[in-house]
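Observations on the three-dimensional arrangement
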Amino acid sequence: IQFVAEGQDTRLVNLPGDASLKPPQGNLGPGAIYFANTHDRDQGEIFLKQGYFAFTDIPGAAGLTMTLGRFEYSDGLETIPADPALAWLKRARIGERLVGPFGYTHVTRSFDGVRAAYDQPYWNVTAFGTRPTMGGYEVSANRELDVTLAGVAATLKKIADLPPADVRLFYLYYDDSRDEALKVDNRPRDVRLADHKDLRIHTWGGHALVVADAGPGKLDGLLWSALQAGDWGELTHFAWAVAVEGGYQLPDVPTAPWLRIGYDRSSGDGDPNDGQHHTFFQLLPTARIYAQTPFYNLMNSGDFFTQLIVKPHQRLSVRADYHW
């Protein structure tokens, strides 16, 4: 039995009080976003970041781990491959696309609930049911959102007699009951203000990663996809997203150059009057992992990119991207 308690105290001082404008400009930068939540230029408080019990080595259930309390959760990172290339791909290109701790903000996000993982040498099954905390750009992070998030993921960690691979199927259920939250879609504002029904969204998806020896280097491939159905308030929700990527790395060459290319695509909605909502919804992600700067997300968009990664030192990596 393990008990973990972690407190956090985040203080923001001298935030800009005049950088939040009326739409379409909105909040001009992160400082303005923090200010918009409280209208206080100096803000902060002590809160419980993590506090949970973890039960391992349960008699008669080898491989089973139970976690109860407040913890962090990142979808896609239920397991980390031993192969370094696969591990990087999973952390940088799979993890936290749909659920994450919002790690780049000063406050971050946690999840209150229960998580169970059954881990074996070749596979892993993880299930959870949670209520996410406020956090993110809200310093009052002890409070929970009026959101229920639950899911299950099954991961095949390796396949005998085949190159290093990682294959995963997942399901996520998102129920958002916040009555005061204005839905963001292409309907007129007055129509959205009158829509007080919940968001209930089912997301099914999976990913496959593989790395294989090819000539003097290693060739990698990535496929991730998700399909959504449910209710977007008064609208019927149906949406999808897909990512396809490939790369070639020369690990034995100085700086171990790694060239990658890929395309991310997610559905959008072109008709505000048909009673349906088709824009892909990212749930509770850590979107900046993919954008690097918070200029865009992975909803209602197509992103073609090339990427070069070099490692001139064991503790230093340099990455250059082109996105269109």
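Our structure is the block above this text.
Throughout what follows, the structure given in this document is the object of discussion. Everything quoted here is computed from the prediction, not taken from an experiment.

L98, Y174 and W224 are the most contacted members of the largest nonpolar core, which has 38 residues in total. Residue assignment for this core shows that the elements contributing at least two residues are β2 (43-55), α2 (84-94), β6 (147-156), β7 (165-176), β8 (199-214), β9 (217-232) and β10 (235-249). Aside from chain neighbours lying at most four places away, what touches Y174 is V147, T148, L149, L199, R200, I201, F281, L283 and L284. F35, F102, V107 and Y137 belong to the second largest nonpolar core, which has 10 residues in total.

Another aspect to go through is the side chain of R93. With respect to the helices and strands, the residue R93 is situated in helix α2. What R93 contacts, discounting residues up to four positions off in sequence, is W88, L222, E245, R260, D264, Y290, F305, Q307 and R319.

If you walk through the whole model with that rule in mind, you get two cavities of 30 Å³ or more. Each pocket or cavity is described by its volume, and for the largest cavity that value is around 80 Å³. R97, L98, W224, A241, V242, D264, R265, S266, F280, Q282, L298 and S301 are the residues that line the largest cavity. Elements that contribute at least two residues to the lining of the largest cavity include exactly β10 and β11 (258-266). In terms of residue count, β11 provides more of the lining of the largest cavity than any other element does, three residues in total. Its residues assigned to classes, the lining of the largest cavity comprises six nonpolar, three polar and three charged. There is about 30 Å³ of room inside the second largest cavity. Every residue lining the second largest cavity is listed: Y73, E78, F128, G151, V152, A153, R168, F170, Y171 and L172. Sorting the residues of the lining of the second largest cavity by element identifies β6 and β7 as the ones contributing at least two each.

To continue, consider the environment of Y122. With respect to the helices, strands and loops of the structure, Y122 is situated in the loop between β4 (111-119) and β5 (123-132). Residues Y122 and I159, 37 residues apart in the sequence, show an inter-C-alpha distance of 7.3 Å.

Every second residue of β5 is oriented toward a common face, the buried set being N124, T126, F128, T130 and P132 and the non-buried set W123, V125, A127, G129 and R131. The pairing of β4 with β5 spans nine bridges and is antiparallel. In the sheet register, G113 faces β5, and the bridge partner there is T130. Where β4 folds back onto β5 in an antiparallel hairpin, the turn is made up of three residues. Looking at chain direction, β5 and β6 are connected through eight bridges and run antiparallel. Paired with W123 across the strands is L156, a residue of β6.

Another aspect to go through is the pattern of salt bridges. What the rule picks out here adds up to 24 salt bridges. Here E138 makes a salt bridge to R143, at a shortest N to O gap of 3.7 Å. The class of E138 is buried, set by a relative accessible area of 10%. Residue R143 is classed as partly exposed on the basis of its relative accessible area of 42%. One connected set of salt bridges, linked through shared partners, spans R93, R97, D220, E245, R260 and D264.

Moving on, we get to the layout of surface pockets. For the second largest pocket, the calculated volume is near 350 Å³. Lining the second largest pocket we find 15 residues, and of these P84, W88, Q249, W258 and K311 sit closest to its centre. Elements represented by at least two residues in the lining of the second largest pocket include exactly α2, β13 (302-313) and β14 (316-323). For the lining of the second largest pocket, the class distribution of residues is eight nonpolar, three polar and four charged.

Moving on, we come to the pairing of β2. Bridging between strand β1 (residues 2-12) and β2 involves 11 bridges; their strand directions are antiparallel. Counted as the bridge partner of T10 is E45 from β2. Note: β2 against strand β3 (residues 64-71), five bridges, orientation antiparallel. For Y52, the partnering residue across the bridge sits in β3 and is G69.

This brings us to the packing of aromatic side chains. Taken as a whole and judged by the stated rule, the model has 11 aromatic pairs. Arranged with centres 5.8 Å apart and planes meeting at 90 degrees, the rings of F102 and Y137 form a pair that is edge-to-face. Of this pair, F102 sits in the loop between α2 and β4 while Y137 sits in the loop between β5 and β6, and the two are 35 residues apart along the sequence. Given a relative accessible area of 15%, F102 falls into the buried group. Feature note: the residues Y34, F102, Y104 and Y137 constitute an aromatic cluster, connected by ring pairs. The cationic tip of R115 hangs over the ring face of F71; the distance from NZ or CZ to the ring centre is 4.5 Å. When the ring centre of Y122 is taken as reference, the NZ or CZ atom of K158 above it lies at 5.0 Å.

Cut-offs applied
Residues numbered from 1 in each chain as written. Predicted model: local features only at pLDDT ≥ 70, side-chain atom pairs only at ≥ 80, totals over all residues. Heavy atoms only, no water. Core = buried A, V, L, I, M, F, W, Y, C linked by side-chain atoms within 4.5 Å. Buried < 20%, exposed > 50% of the residue type's maximum accessible area, 1.4 Å probe, protein only. Helix = DSSP H or I, 4+ residues; strand = E, 2+ residues; numbered from the N terminus. Contact = heavy atoms within 4.5 Å. 1 Å grid on protein atoms, 1.4 Å probe; cavity = no way out; pocket = protein on both sides within 12 Å on 5 of 7 lines; lining within 4 Å. Points joined across faces, edges and corners; volume = space filled by probe spheres on them. Nonpolar A, V, L, I, M, F, W, Y, C, P; charged D, E, K, R; others polar. Pairing = 2+ DSSP bridges. Salt bridge = Lys/Arg side-chain N within 4 Å of Asp/Glu carboxyl O. Phe/Tyr/Trp six-rings, centres within 6.5 Å; stacked < 30°, edge-to-face > 60°. Lys NZ or Arg CZ within 6 Å of the ring centre and 35° of its normal.

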